[in-house]
Amino acid sequence: MPTLHATGAFVAHTGTDVYGPGKVIGVEGAWRRVRFIYFVATIDAHDLRAASPDEAAEMTRWLQQKQERYGGRW
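A.B. asks: Help me understand the sheet that holds strand S3 (residues 31-36) in this model?
C.D. replies: Whenever strands of a sheet pair, they do so through backbone hydrogen bonds, lying parallel or antiparallel. Read across the open sheet, the five strands follow the order S4-S3-S2-S1-S5; overall the sheet is antiparallel. In the strand order of this sheet, the two ends are held by strand S4 (40-44) and strand S5 (48-50), each with one partner. Geometrically, the sheet is characterised by an average inter-axis angle of 50° between neighbouring strands, direction not taken into account. Inspection of the sheet shows strand S1 (residues 10-13) paired to S5 by three bridges, in the antiparallel sense.

Structure (structure tokens):
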């Protein structure tokens, strides 16, 4: 059975869009560490949904901008 929202998956919160889209950067049991556009949070996987294509594109652009500005892996 595949992991719900595995590391690297683009996601969004099911209850609010205040966080912006995000990318899963860590998995620990039912918890996902997610780098959202506005901050990083640990959230239950069941409170996340797969990002829409527009949300994934927004997150990809944001990550590219951060990498160009600061280097490293985002």
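A.B. asks: Before we go on, may I ask you to explain the pattern of salt bridges in this structure?
C.D. replies: Here the idea is simple: oppositely charged side chains can pair when their charged atoms come close. Taken as a whole, this structure holds one salt bridge when the rule is applied. The shortest N-O distance in the salt bridge between Glu55 and Arg49 comes to 2.9 Å.

A.B. asks: Sorry if this is basic, but what is going on with the pairing of S3 here?
C.D. replies: Within a regular strand, the side chains alternate between the two sheet faces. Side chains of S3 alternate between two faces, with Arg32, Val34 and Phe36 buried and Trp31, Arg33 and Arg35 left unburied. With six bridges joining them, strand S2 (residues 22-28) and S3 adopt antiparallel strand pairing. From the neighbouring strand, Gly26 faces S3, where its bridge partner is Arg33. Hairpin connection, S2 to S3: the antiparallel pair is bridged by two residues, and Gly29 has positive phi, about 60°. In the sheet, S3 pairs with S4 via five bridges, with the strands oriented antiparallel. Paired with Val34 across the two strands is Ala41, which belongs to S4. From the end of S3 to the start of S4, which pair antiparallel, there are three residues.

Criteria and cut-off values
Residues numbered from 1 in each chain as written. Predicted model: local features only at pLDDT ≥ 70, side-chain atom pairs only at ≥ 80, totals over all residues. Heavy atoms only, no water. Pairing = 2+ DSSP bridges. Helix = DSSP H or I, 4+ residues; strand = E, 2+ residues; numbered from the N terminus. Axes fitted to C-alpha atoms, helices over the stretch in contact; angles between N-to-C directions. Salt bridge = Lys/Arg side-chain N within 4 Å of Asp/Glu carboxyl O. Buried < 20%, exposed > 50% of the residue type's maximum accessible area, 1.4 Å probe, protein only.

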